[in-house]
Amino acid sequence: MIRRLRRITPFQVILVVVFTGLAAFMSLPIVFILNHAFKPTNELFLFPPRFFVQNPTGSNFEQLFLHATNATVPFSRYVFNSVVVVTLTLISVIVVSTMAAYVLAKYQFHFKQLILSLITLSLMFAPETVGIPRYLIISGIHLNNTYLGHILPALASPIAVFMLVGFISQIPGELMEAARIDGASHFGIFTKIVLPLAVPAIATISIFTFQGVWGDIETSTLFMQDETMRTLAFYVNSLLSGLQNSVAGQNVAAAAGLLMFIPNLIIFLLFQRKVLETMIHSGIK
Amino acid sequence: MNTELSPSLVKVARMTSVRLKWNRFWTEIRRDSFCYLFLAPFLICFTVFIVVPVIMAATLGFTSYDGFGSLRFIGFDNYIALFTQDIIFLTKALPNTFLFALIVGPGGYILAFLFAWLIHQLPLRVRDYYTLAFYAPSMAGGVALSVVWIAAFSGDRVGYLNNFLLHMGWIDNAIVWLQKPEYLLKVMIVVSLWISFSVGFLAMLAGLQTVNRELYEAGRIDGISNRLQEVFYITLPSMKPQLLFSAVMTIVTTLKAGSISTQLTGLPITPQYAGHLVINHIDDYAFIRFELGYASAISVVLLLVSYFAMRFAYRLFGSKEEL
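- Chain B appears in an unreviewed UniProt entry as ABC transporter permease from Cohnella abietis.
- For chain B, the Subcellular location (unreviewed entry) comment in UniProt is given as "Cell membrane".

- Under the annotation held in an unreviewed UniProt entry, chain A carries the name ABC transporter permease and is attributed to Cohnella abietis.
- Under the Subcellular location (unreviewed entry) heading, UniProt states for chain A: "Cell membrane".
- Under the UniProt heading Sequence similarities (unreviewed entry), the note attached to chain A is "Belongs to the binding-protein-dependent transport system permease family."

So, in C-alpha cells, the structure goes:
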C-alpha cells in the first residue's frame, strides 16, 4: 500500500485534480439525462430550472411502458428483438472481421491490395445515399422481416476490419513462425495466437459495434415492414419524433434516452477493462 | 523442316507461357485458398451490402431519378448543375462543411489524443472512470443527446446556458441559440467537439497500451529528458496504426456529420441554411425533393473530397507500406 502511494508523483496529483473537473464537465449531459428521466412533470416547468431532481419518480418509465401496452405490439417484443439482433450481430461481427483482418494483415495473396483499398474507400461513403439500393438488394434476396435482414448488413463492417488490420499487423510475425514450426495449422495460429493477442482491439470493436447496432433504426425502418420485427431503438425513436419543442415530453424522452444508454454503458464497462488490461501483461512487441 | 515449323513453335511457346502464367496464378490461388476461405464471409457481405449499393448509387448520379420508375440517363448534367447553378450548395453547404470539418476534425483529433495520453498518465485504478466520463457523451447517442442539447441551448430563460449567462449578468436578454443563424454553426461545433471522443479516442487509448515500456527506458538512456520529447520520439511513432485509424475515422465522421443540426433545431433544413452541411443537402434532395440522381451526384462529390482528405492523412502518417 505504501509502495503504491509513493509511486504517485506530483504530476499525477495535479492531473487528477484538473481531470476530475474536466470529467465532471464532460459528463454533465449524462448526469442531466439521469436526473431528467426521474423528474415529475411539475419540476420540468420550474424557474429557474433545477439541474438535479428533487422528488424522483418512476412515472416517466411507467408512461413509456404503458404507451406500448396499449399498442398492438407489446413492449417486451421490441426488447426481445433488440436483444436477439444485438447478440447475434456482435458475435458474428467479431468472428467474421477478425478472420478477415488476420488474413489481410499477415498474408500475401492476389487481390489483397484491391480489397484493402476497397475497405478504406468504403469507410468514406455516406450511408444516406445507399439506403435505396440496399433496400432493393434486401428485398431482392427476400430478407425482409427476418432477423437476417437486421444482422447481415451489419456484418459488412469495414471499420472493424480496418481497425483490426492495423492491430493485427503489429503482432510480430516471429510469433507465428514459431507456432508454425511447432506444427500449428493456419486455423490453430488464428485461434491460439491471433485471437488472444487481439483481445483489446476486439473489445474496442465490440463496443462500437454494439453501440451501432443497438441504436440503429435504419434496418427497422427500411427493411422491416412487420411491426413485430422492429427493434427497441425504432420504438423509442418513433415515440420521440415531434417532442423536440415541447417541455412536457422531455421527461419521457429522457427516460427513453436513459433506457437506450444503460446497455451501452454496461457493455462499455465490461469491455473497456479488457482494452486497458490485456496489453499491459501480454508481453507483445 | 525446322524452318517451316518455327512460326508455329513460337506460337506454341507463347501459348504455353500464357498458360504457364495462368497455371501459376491458379496454383497460387489454391495455395492461398485458406486466405480466401477466411475472407469469404466478410467479403460476401461486404460486396452485397456495400460495394454493389455504392456502385448502384454512383450510377444514379448520372441519371435523373425520382425513386418511382422513370430512370433517365443525363450524363454529367447533375455535376455541372451542382457546380454552376446550385447556389445553396456553393454558398452555404460547402463553406459550412469546410469550416465545420476544419475545426471539429483536427480539433477533435488533437483533443482526443491529448486526453487519451493524459488518461494514460493516470494511475491504472482510476483510468476507467475518466475514460468513461469522456466517452459517455458519444455513447449516449442521438436520442439521449437531443434531449440534453435542447434543454441546454433552449431559447427562453429556462434554457441552462441562457439562465447561467443571465444569472451572471453577461447578457440582458435570452438568446435564441438554435434559431439564430449567427450562433447555430458555433453551437454545432461546440456540441460536436463535446461528443468527438468516440471510436478514435478508444483506439488511441488502446494504442497507448501497446507502446513498449522498454522503449521509454531506452530513450531515457539516449538522452530524452522530458515528457514532450517522449511523446514525439517514442509514443507517436509507436502507435501509428491507431493514429491513422483515428485520423481516418475523424475525417469520415466530420465530413459525414449532418444529423447534428437536425437534432438541435428539430428541422431538416436549418434557419437561413445556417447549419447546412453537405449531408443535409443530400438529405434535402434525396428525401424531401426526391431527386435521387442529383443527391447521388452530391454524395459522389463528398466521397471524392473525403478520399483526398484520406490520402492526405496517409501521407501525414507515412504508413503506405503498412496498409
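**A word on the domain arrangement of chain B**
Right, on to step 1. When cut into domains, chain B gives domain 1 (7–51) and domain 2 (76–317).
Right, on to step 2. Distance between the C-alpha centres of domain 1 of chain B and domain 2 of chain B: 43 Å.

**Quick look at the packing of helix α6 (residues 75–106) of chain A against helix α10 (residues 158–168) of chain A**
Residues and elements named next belong to chain A.
Right, on to step 1. Close contact between α6 and α10 brings their axes to 8 Å; oriented N to C, the two are set at 45°. The pairing of α6 with α10 is recorded here as oblique in orientation. The interaxial crossing formed by α6 with α10 has right-handed handedness. Residues S97, T98, A101, Y102, L104, A105 and K106 of α6 form the contact with α10, whose participating residues are A160, V161, L164, V165 and I168.
Right, on to step 2. Here the residues of the contact of α6 with α10 are counted per class, giving nine nonpolar, two polar and one charged.

**Focus: the packing of aromatic side chains**
Residue and element names in this part refer to chain A.
Right, on to step 1. Under the criterion given, the structure shown has 30 aromatic pairs over all chains.
Right, on to step 2. Judged by centre distance (5.3 Å) and plane angle (45°), the ring pair of F38 and F61 falls under tilted. Remark: F61 occurs in helix α5 (residues 59–70) and F38 occurs in the loop between α3 (28–37) and α4 (41–44); sequence separation between them is 23 residues.
Right, on to step 3. When its relative accessible area of 30% is taken as the criterion, F38 is described as partly exposed.
Right, on to step 4. Measuring from ring centre to ring centre gives 5.5 Å for Y102 and Y107, while their planes differ by 90°; the resulting arrangement is edge-to-face.
Right, on to step 5. We classify Y102 as buried; its relative accessible area is 0%.

**Section: the pattern of salt bridges**
Residues and elements named next belong to chain A.
Right, on to step 1. Taken as a whole, this structure holds six salt bridges over all chains when the rule is applied.
Right, on to step 2. Among the ionic pairs, E177 bridges to R180, the shortest N-O distance being 3.8 Å. You can see E177 and its partner R180 sitting in helix α11 (residues 173–181), three residues apart, about one turn around the helix.
Right, on to step 3. Accessibility expressed as a relative area gives 44% for E177, which makes it partly exposed.
Right, on to step 4. By relative accessible area, which is 34% here, R180 ends up partly exposed.
Right, on to step 5. For the salt bridge of R230 with E227, the shortest nitrogen-to-oxygen distance reads 3.0 Å.

**Description of the interface of chain A and chain B**
Right, on to step 1. The interface is formed by 102 residues belonging to chain A together with 96 residues belonging to chain B.
Right, on to step 2. Interface of chain A and chain B: buried area, both sides summed, is about 9000 Å²; carbon and sulfur atoms make up 79% of it.
Right, on to step 3. Run the count over chain A and chain B and you get zero salt bridges.
Right, on to step 4. Taken together, chain A and chain B are joined by six residue pairs in polar contact (both at pLDDT 80 or more).
Right, on to step 5. Of the residues forming the side of chain A that touches chain B, the biggest block, 15 residues, is contributed by helix α16 (residues 250–282) of chain A.
Right, on to step 6. Split into classes, the residues belonging to the side of chain A that touches chain B amount to 72 nonpolar, 23 polar and seven charged.

Reading guide: rules and limits
Residues numbered from 1 in each chain as written. Chains lettered and ligands numbered in written order. Predicted model: local features only at pLDDT ≥ 70, side-chain atom pairs only at ≥ 80, totals over all residues. Heavy atoms only, no water. UniProt positions renumbered as here; feature names shortened; annotations may be inferred. Domains from an automatic or database assignment. Axes fitted to C-alpha atoms, helices over the stretch in contact; angles between N-to-C directions. Helix = DSSP H or I, 4+ residues; strand = E, 2+ residues; numbered from the N terminus. Parallel < 35°, antiparallel > 145°, perpendicular 65-115°, else oblique. Left-handed = near helix turned anticlockwise from the far one by under 90°. Contact = heavy atoms within 4.5 Å. Nonpolar A, V, L, I, M, F, W, Y, C, P; charged D, E, K, R; others polar. Phe/Tyr/Trp six-rings, centres within 6.5 Å; stacked < 30°, edge-to-face > 60°. Buried < 20%, exposed > 50% of the residue type's maximum accessible area, 1.4 Å probe, protein only. Salt bridge = Lys/Arg side-chain N within 4 Å of Asp/Glu carboxyl O. Buried area = accessible area lost by both parts, 1.4 Å probe. Polar contact = N/O pair within 3.5 Å; in protein donor to acceptor, adjacent residues only side chain to side chain.

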